[in-house]
Amino acid sequence: MSDKQANFYQSVERNYDKAAALTNHPKGLLEQIKVCNAIYQMNFPIKIGNSYEVIEAYRVQHSHHRLPTKGGIRFSHMVNQEEVMALATLMTYKCAIVDVPFGGAKGGVKVSTRKYNAEQLEKITRRYTVELVRKNFIGPGTDVPAPDYGTGSREMAWILDTYQQLNNGELDSAACVTGKPVNQNGIRGRTEATGRGVFYGLKEMLSNASDCAEWGIEPGIEGKTMVIQGLGNVGSFTGSISTKEGGAKVIAISEIEGTIYNPKGIDIDKLLKYRKSKGSIIGFPGTKKLKERGDWVGIECDILVPAALESQITKANAKKVKAKIIAEAANGPVTADAEAILLKKGCIIVPDMYLNAGGVTVSYFEWLKNLSHVRYGRIEKRFDQNAYTNIVNLIESMTGKKVNERRKSFITRGADEVDLVRSGLEETMITSYQQIREVYRRKKKVKDLRTAAFITAINKVANDYTTMGIFP
Ligand code: NAD
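Along each chain, residues carry numbers from 1 onward, in the same order as the chain's sequence is written. Since the coordinates come from a predicted model, pLDDT governs what is reported: local features require at least 70, and pairs of side-chain atoms require 80 or more to be given and counted, while whole-chain, interface and lining totals use all residues. The side-chain figures draw on all heavy atoms in the structure; neither hydrogens nor water molecules are used.

**Q** Any chance you could explain the state of the cysteines here in plain terms?
**A** Here a disulfide denotes a covalent bond joining the sulfur atom of one cysteine to the sulfur atom of another. Two cysteine sulfurs form a disulfide in these notes if their separation is within 2.5 Å. This structure, assessed with the given rule, holds zero disulfides. Left unpaired, C36 is separated from the closest cysteine sulfur, that of C95, by 14 Å. Residue classification places C36 among the buried positions, given a relative accessible area of 17%. The thiol of C347 is not disulfide-bonded; the next cysteine sulfur, from C301, is found 10 Å away. Note on exposure labels: buried denotes an accessible area under 20% of the residue type's maximum, exposed denotes more than 50%, and partly exposed covers the range between, all computed with a 1.4 Å probe on protein chains only.

Structure (structure tokens):
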């Protein structure tokens, strides 16, 4: 276990303790909310070519106060028990903040995805799923995984198929995992959900003029410059949606191969295509490569978006940060030591457990869809469309004026699944931010958004335990 990874779990614990001290809950209850409830560590063999490799993997269920538990599966060569524990812990607080009725969990498989081909990764994913089934660590009502770093809809499809083979005929089996491909019981809007949630969250926090004035920031996301670390699922959607729908400007991107910069703005969609064809972001037209990969931290910008891994802004580089807003799209990108430095500088840190909760929110919608066995919008879309058309027709006949056809079809449109998913996600990010803001504004001793988010989560989980009759 390296110091860097140990720091992640310790950072989560330190942040929790700081917030817990500002609540009035009994000590035993606060301890119960803090600890991981179940940890499953496994080692299994996989045949690669003519030899066997032993794969180390984990599933941690942080809190059983609500079931099922929920959280992504990470594939990375850096996976270790403390990292998975930290990520599972954050999931409990994240679910509480966005009112998703699950306990937190996380899975990790210690593999470098670059080292294996698709067939080998499929073998590893399926065997990992079998291990989870054997110990009852997966199921629609027990524990529901999703994608995380190094995994996506392809891995979720393998997990679903393996689970269904072992649970033939289980009516709700499609709800055993989320983030599946749309044609495999997935939901439209899940792939982009975390990045879209980051955008909605930033838009909401920047919408309050008096808060912004206090922080010394211009309100609104339009025109704000962004620097993003990690052009994966979360980083790329955060960048492209913030640009297209919010009018922000991404001026630098950092990836494994280095950091590129263009003060005039970088087109994320074009950059993704470029990286796919060239295997690197370096050399993308109009950009210059910075000397060191880590130079992204010190670029002058409005919003710094770490969207790769934990412990990226540390005691060692926090002083270099010039951005006013740190948007934690990744989990745990700012260590507790770095946070103290950044807060002293007057930075606003929008915490991971709120800002990247869009993924689990839409996963919840997918789980509900799987349990109800019907696509969102299927029942009401045409009914709504006909009703709106009747209203517009009536207005036309009463006024004697015709509404332009394009406008008419826009006004009378019934909602599709993706419209409803986006609407539910936006509503969630707005409501949750307002709850955190309420704590931040009302409690004098709360000086930062992370502490306010922790208190919001702790109060909700404590309330669940109390109403269950535990810790009355
Ligand atoms: P991903 O695997 O799709 O992308 C991560 C990207 O970061 C990769 O392109 C990788 O090359 C890059 N990267 C890794 N180390 C880097 C470094 N040192 N410098 C620059 N780039 C680096 O993963 P993801 O799903 O986008 O997850 C990113 C973060 O967001 C993780 O912390 C994850 O836990 C968190 N998160 C993901 C989701 C989700 O729905 N996928 C939801 C909530 C939180």
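The discussion continues.
**Q** Help me understand the domain arrangement of the protein in this model?
**A** A common measure of how large an interface is: the accessible area buried when the components associate. For the protein, the assigned domains read domain 1 (36-184), domain 2 (193-355) and domain 3 (381-414). Using C-alpha coordinates to define each centre, domain 2 is positioned 42 Å away from domain 3. Domain segmentation is taken from an automatic or database assignment of domains.

**Q** What is the right way to read the site of the ligand from this model?
**A** Note on definitions. A residue lies near a molecule or strand when any single heavy atom of the residue is within 4 Å of it. If you check the shell around the ligand, you find 25 residues, and the closest are R74, D148, T194, E255 and N331. Contact distances for the ligand include 3.3 Å between a nitrogen atom and a side-chain N or O atom of Q229. Notes on the ligand: free accessible area 830 Å², of which the protein chains cover 90%. Put simply, DSSP marks the helices as runs of H or I at least four residues long and the strands as runs of E at least two long, and each gets a number from the N terminus on. Looking at the shell around the ligand, the elements with two or more residues in it are α8 (233-246) and β7 (249-255). Charged residues are taken to be Asp, Glu, Lys and Arg, nonpolar residues to be Ala, Val, Leu, Ile, Met, Phe, Trp, Tyr, Cys and Pro, and polar residues to be all remaining types, Gly included. Grouping the amino acids of the shell around the ligand by side-chain chemistry returns eight nonpolar, 10 polar and seven charged. When residues of the shell around the ligand are assigned to domains, at least three map to each of domain 1 (36-184) and domain 2 (193-355). Under this definition, polar contacts are N or O atom pairs within 3.5 Å; protein pairs additionally need one hydrogen-donor-capable and one acceptor-capable atom, and for neighbouring residues in sequence, both atoms have to be side-chain atoms. Values of accessible area rely on a 1.4 Å probe in the Shrake-Rupley scheme; residue burial ignores everything except the protein chains shown.

**Q** Just to check I follow, could you spell out the pairing of strand β10 (residues 303-306) for this structure?
**A** Remember that side chains alternate between the two faces of the sheet whenever the strand is regular. By the alternation rule, side chains of β10 split into I303 and V305 and L304 and P306, which are all buried. If DSSP finds at least two bridges between two strands, the strands pair. Where strand β6 (residues 225-229) meets β10, four bridges bridge the pair, whose relative direction is parallel. Residue pairing for β10: I228 is matched across the bridge by V305. As paired strands, β10 and strand β11 (residues 325-327) are joined by two bridges and run parallel to one another. Bridged to L304 within β11 is I326.

**Q** Which parts of the structure should I look at to understand the side chain of T194?
**A** Looking at the element boundaries, T194 is found in helix α6 (residues 193-205). In this structure the side chain of T194 is engaged in a polar contact, spanning 3.4 Å, whose partner is the backbone nitrogen of G359. Excluding anything up to four places from it in sequence, T194 contacts V234, L355, N356, G358 and G359. A contact between two residues is defined here by any heavy atoms of the two lying within 4.5 Å.

**Q** How should the environment of G201 be read in this particular structure?
**A** Relative to the helices and strands, G201 resides in helix α6. Ignoring sequence-local partners within four residues, the contact set of G201 consists of Y354, L355 and M429.

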